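Summary of structural features
Here are the chains, one letter per residue:
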Amino acid sequence: MKRLFAAVVLVLTCSTLLAQNKVTGRVTSSEDGSPIPFASVVVKGTMNGVATDDNGAYTLTNVAPGAVLEFSSVGFLTQEVLYDGKPVVHVILRPDTESLEEAMVVAYGTVKKGSYSGSAAVVKQESIKDAPVVSFEQVLAGKAPGVQVASYSGQPGADTDISIRGFGSFNAGNQPLYVIDGVPATSGDRAWGNLSIGSMNFLNPGDIESITILKDAAAASLYGSRASNGVILITTKKGRAGKITTNFKASAGFSYFAYDNYPLCTDEETERMHRMAWTNYANDNPSSWQSYGSVDAYVNAKVAANYPARDESKYIYKDWEDVLFRTGIAQNYELSLTGGGERGKVYASVGWTDQQGVVVIDYLKRFSTTINAEAKVTNWLTVGATSQYSWQYQNGQQDGWASKDNPFFIWKVVLNDRWPYAYKDTGDLYLDTWSPSFSTVNPVPTYDKQINDAWQNRVLLKGWAELKFTDYLKLKTTISEDWLYIHDRFGWLYGHPNFYAYSDTGGYMADHHFNIRRLVSSSTLNFDKTWGDHHVAAMAGWEAEEENYEESVVNKIDFSYMGATQSVLATNFDDGYTYTSRNSLLSALGSLSYDFGARYYLTATFRRDGSSKLAPETRWGNFWSVSGSWRFSNEPFLKGSGWLTDGKIRASYGTSGTLPSSNYGYMSVYNYTNYGNTGASYPANLANSDLSWEKNKNWNVGVDLRLFDMANVTVEYFNKLTTDLLLDATVPSTTGFSSTLMNIGSMVNRGWEIAVNFDILRNNNGWNLSVGANWSHVHNEVLALSEEGESIVDTPYVWQEGYSFYQFRTRKYLGVCPEDNYMGNSRLKAGNPMYAEGSYYEQGEIADQTVVLKDGTVIQEGSPVPENTWNFYPTNRNNSSNMILEGMTAIPKGFGGFNVNVGWKGLTLDMAWSYKYGHYIWDEGVEQMESDGYYDFHRNIAKDQLNAWTPENTNTDVPRRIRDNGQGGYYYSSRFLKRGDFLRLKNLTLSYNLPRNFSNKLSMSNARIYVAAANLLTFSGLNIDPEIKSNGYYYYTMPAMRTVTFGLDLTF
Amino acid sequence: MNDMKHYIRHIAIAAVLLLGLTACEGFLDTVPTSSVVDKNAMVTLADAGVACNGLYTPLKYYTLYGTYIPYMGDLRADNIYPRMSDGTGAVIYTWQYESTQSSYFGTFWENYYNVIMRCNTFIENIDACDASSSGEIALKNDYTGQAYAVRALCYFDLARLYGQTYTFDNGASLGAVILTETVGPKEARLPRSTVAQTYEQVLSDLATAKGLLSSEPNLGHFNYWAARLLEARVYLYMGRFAEALTAATEVINNSPYRMVSGDGYAAYWGHEGDMESVLELLVSVLGDIDSDGGFYTMYHNLWFDDPNSGASLIPTLKWRNLFKDTPNDVRGQMIQYDDPETGAKKSGEYWLRKFIGNKDQGYTFRRNNPRVMRITEAYLIAAEAALATGDTGSASRYLNAVRKRADATAEDVTATMELIQIERQKEFIGEGHRFFDVMRTGGEITCDMNDPHEFRSGSAYVHTLKPGDAKAVLPISSDERVSYPELQQNPGYKD
């Protein structure tokens, strides 16, 4: 290892005056000694390179003694060899497991992993490439400690929710900054209509070489005022010198719901539940059934009206699940080539993805292409370009709320077994409204008349040039444009039952077009030099960025033609606008690193940002970090110890920020509207000229160990303090506004991350086995909200000092009342739901009513309350208050993943599990589906209602079912909160490399077949798919899909 | 030497690249294109006219006069009941509102203070708009007067929504928070004044407004007469009958407004700017169709052509029975029976078909100009005030004028308090008066459970409501009180 390092050091001296020789040799695998064909052999720092032949042999000319030869091949660690003038160099490559010498991409450059003192996680191409997903984000779950990922919607193309090390922001968003090949890129859900459109979908996961997730200040603060939520660096594949190799990859498979969502009562059970509710109602209200003669007659009549029996003689019935949903087919094709010679390298690819959703109208199609090239113009100038273009079309449906156009909602809530599908005699669809309380009709004829679709076009172009002054001083300048164009639509065509909602006659169509253009220019001067044991690296540069946003909407109404889909065919103009906005950022940045003897490392970074989003007086800010590490395993006293292969302690401290999302938030402005047919203006906001970025102070300590050359262990502790949080702070309505953007309060995220990885078997009789696990814990706490210390309510959440960002606040559900007048409360009847009274008492306050402490202690009226407490005295809904539900938050106690990789000869099995526990989910579906009889008419009933309280079944949490339930479960309470714990087999890949001699016969260097599955297994106590947005709020979002695909991967 | 040149060239290129864009002046200065920075928004008198229009836009919205103010007067009383046994309509009808249901009841508070802020901003900035000619000065005064009058309307509504009726306790209960200038979040946290103090502010604003406003009809805007009629209404609510009578008779005798004929009564509701209207608000052809002048929710079931749709408000049997013996009364004819025999989607309900849409602008029933005040109200205020001051003759005269307009065959009657209130109930259905009329006259509201409508409301059902009851006033939203604890909650409500 030391020799290698010395070699690296040596090459940095120029050696062009020395003699040029020819080198030959063989490249083999350390696993089984087999030759490695198509391995790349390059003279480092030049374009001089070749690829090995089928036998792993190569011949390279014009190599000067003292040059460094770089041997690389996919799946193997890159090895560097100092050329000492001998004509033959054989090399044995080690398979690519964890390595401390490998280069990792970090902010504004690359470093060797072993020398890095920041906190960053690297996800490599191998673990992304086969997963049957649209966006790489979906694969990150469980892969990196500290990174929470939720693919919360099963619609193809929906955005993914990612948060790094907790939640550092109130209103400025918790999305990390995405940087693609060094350029900050537009990210997030950029939809306007009903669809969720992940803007990272544009990138074909197959084109990604690696992803680095920057977590602490040392890693991220070079991105300054946008780095608080962490940074995701994406590096795309680049050309490799050597013979041109071509890769073709194809996969196809199937998708369906990954989980049994909202189990429902069977038809017979549903009728029984209806009957129960009406019977209880009749018994409680004797006047109700008098005109019917008896309770039975009344109940029969009511059930017949509200859950009418099937009439097979008249109607055709169908299973609505079959009508609305299907097994979706997923297909993916990729063709790429890479190669190059002495003066140029290129990587190019095209990809085609076609993924159907489970809803019969949901699908996504994507075409993507990448061309990355570089050329060495002279020995002091290298230029290059990277480019991605992609086109994507998504067709979907309304998602995430109780809407007629949300098939998941209507399937679960209203469409039941007794709803006729069609008339038997004519075969015509039954189109009458079924439920009197919800005007849904058979959705089949109107599915294609609901328009929710989106085109996404993205071009990302970057050009760069690198000037080499000397071997240790280089200047790199980059200019890039990221252009995202989305056209999304929302509407109801002529014939859709909802069209009256927007037009009295014939349909509605809203066309939305928008462009986000982001232009970034940066230049950095890089210095890197070694003197003996001393190594110094420094960087200084500047960056300018401009984001332009253009948007236009046209709403038209009244189609007069049944098949019209384009708004140009609609008769009348309804509404529309155009909008432009711009923001810019100007920055200076620099870093300085020093290390000594491969043992002591010190790094400092600095960035100064000026943003147009803030007032001129407050717009400039400085961000910095310092970090250091001690690689104690390289100390003489530990060197060569058998057990410690590598060991390092590192620590960092630094600052970063988050800018407001609004471009003009600091200005006071008037908006314009109309009154009658004339214009009207009004003050639109409560301006805050002191607006600033959120300030993040971040420290991190970590230990990295590699033991017995087989086990990697990383333990980290971090503390992120965010102050001056940007908040659309609720202001008293008497200001005339409901909120204003302010820097208010502070919040902390601190926690532990542990990752372990064992290479249990390495080429042991052909077996390889490695297992890894990671666990993260984030403690999130709002430290202060304002000087006055008030809290902010955003039902069902509250922000209050001492509680987490996603703390729930609602009525506390205490279960079912066991007896009339329970605990002396005359308002309670047996079988009714009970709620905590909920008032708050300060310690010593005299109780003005019966107060019950959390442990059950009863304090009588007139006595002092012994501690600060909420009142848990059970009462009915009307007399209960909302209270903060201690310990109930959407933030998990822990999350992470497990990875298992088993290989035997050419066969590999990869498993990636992800888990999350200790958090609560707000299930808004309770309102409709567990209403204890209130919302029953014509509806489905959730399975848990079978356990409703009856005089015989008293040990239950489900109250007595009664029609017209004034106390029922549809009122917000902690009954909506459910433990969200889950364990999910996120990805599984089983692949087989066909024997080399077999594939070589087919002129292929490699041939592989594989099966890849997403969301294959899920373990959870929830009755809905547990992968839910990190805010824990669920409201009929299309649940996740299980996808299984079969693939073929051929390299020529 | 050659190397030296080499370096110089490199350094020159580097310097150019490094300096590059940094020299761009104003790179970080951006201004919005979709809105106007405040200092440029109210400069000329024309700007002031546009900003003056902006005082009215929230008022016409469904959250205020478009739908919810009528709800507060009619649905909350015994004029109208909701078709659905759940949802907002049922909550209002059965007085089950709670401080935690911020979605509708909290918005009155927010929306009125939004308008008050607009008025205060306007009053603070109007001075800067130059006016030199006498015409310009009159226009400027008129705009200013409108801001005062709109503010008065807001405070009046806040007092009657959130405070007990003035006559119950002489305005001792809590009313609005009085703010007459723009405030930041800190200064805005004042406690509530009493209803009496709020009414004082209303009268003071109206006095200022009257001195500035033009007397010319001004469609969609306050003029002198609208301010004066509002003043009459305020006096009536306060039980200051002599002043109410003076104000109302001044409007009747001197203003250009005239009652529409009985024959034209039905069509009047589709006309814009008829001289019956003393103040009507203007809906727009552009804008959110569901939100603007949303009287459709009180109209019959044309929406979706579906009995289960959002259209949900039905005149009570009690209201319909008011016309049992007067089949010729045009107001009793404003219902439409939706006969289930005539079609599968007919509901068997009686729908109110008063608000037929602004036909002058070609709109359907879904866009109506909300009527804030009509000249008919001046007659009925005059009748009530005259009766209260002992002038039964005048009272009868004003009352009979309204009766005969609606029904040419009606016999003259001698005014009594009961007859005047019945007349108001008949006349103003859907305009948001009934609840406040019952409260201020010390009556009691009873929900008529005998209406042919299977309506149930759960165990917390309350059958009668009278002044002083907790549910006679709206709760302050508990969400608002979390960040603004100085804002006193009304008695009887929990947070």
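None of these values were measured; they are calculated from a predicted model.

Residues and elements named next belong to chain A. Per-residue confidence for chain A gives a mean pLDDT of 87, with 95% of residues at or over 70. Across chain A, strand β53 (residues 920-923) holds the top mean pLDDT of 96, while helix α1 (residues 2-11) sits lowest at 40. Note that pLDDT drops below 50 for residues 1-18; the model gives that stretch 19 contacts with residues more than four away or on any other chain. Scored below 50 in pLDDT, residues 499-503 shows 20 contacts in the model against residues more than four places distant or in partner chains.

Attention shifts here to the packing of aromatic side chains. Scanning the model with the defined rule gives 71 aromatic pairs over all chains in all. Taken together, a centroid distance of 5.0 Å and an interplanar angle of 20° make the contact between A:Trp922 and A:Phe976 stacked. On the criterion of sequence distance, the pair formed by A:Trp922 in strand β53 and A:Phe976 in the loop between α8 (926-929) and β54 (977-979) is long-range, its members being 54 residues apart. Ring centres 5.9 Å apart and planes at 85° place the aromatic pair B:Phe156 and B:Tyr199 in the edge-to-face group.

All names here are of chain A. Across the sheet, which stays open at both edges, the 3 strands sit in the order β54-β53-β57 with mixed pairing between neighbours. In this open sheet, the two edge strands, each paired with only one partner strand, are β54 and β57 (1033-1034). For β53 and β54, the ladder comprises 3 bridges, and the chain directions are antiparallel. Bridged to tyrosine 920 within β54 is arginine 979.

Residues and elements named next belong to chain A. In terms of burial, strand β15 (residues 208-214) is a largely internal element, 6 of the 7 residues being buried. As defined by bridge partners, strand β10 (residues 120-124) adjoins β15 across 5 bridges and the pair is classed as antiparallel. Bridging from a neighbouring strand, alanine 120 pairs with leucine 214 of β15. Here β15 runs beside strand β16 (residues 231-236); their pairing, made up of 6 bridges, is antiparallel. Note on β16: the bridge partner recorded for leucine 214 is valine 231.

About the cut-offs
- Residues numbered from 1 in each chain as written.
- Chains lettered and ligands numbered in written order.
- Predicted model: local features only at pLDDT ≥ 70, side-chain atom pairs only at ≥ 80, totals over all residues.
- Heavy atoms only, no water.
- pLDDT = per-residue confidence, 0-100.
- Helix = DSSP H or I, 4+ residues; strand = E, 2+ residues; numbered from the N terminus.
- Contact = heavy atoms within 4.5 Å.
- Phe/Tyr/Trp six-rings, centres within 6.5 Å; stacked < 30°, edge-to-face > 60°.
- Pairing = 2+ DSSP bridges.
- Buried < 20%, exposed > 50% of the residue type's maximum accessible area, 1.4 Å probe, protein only.

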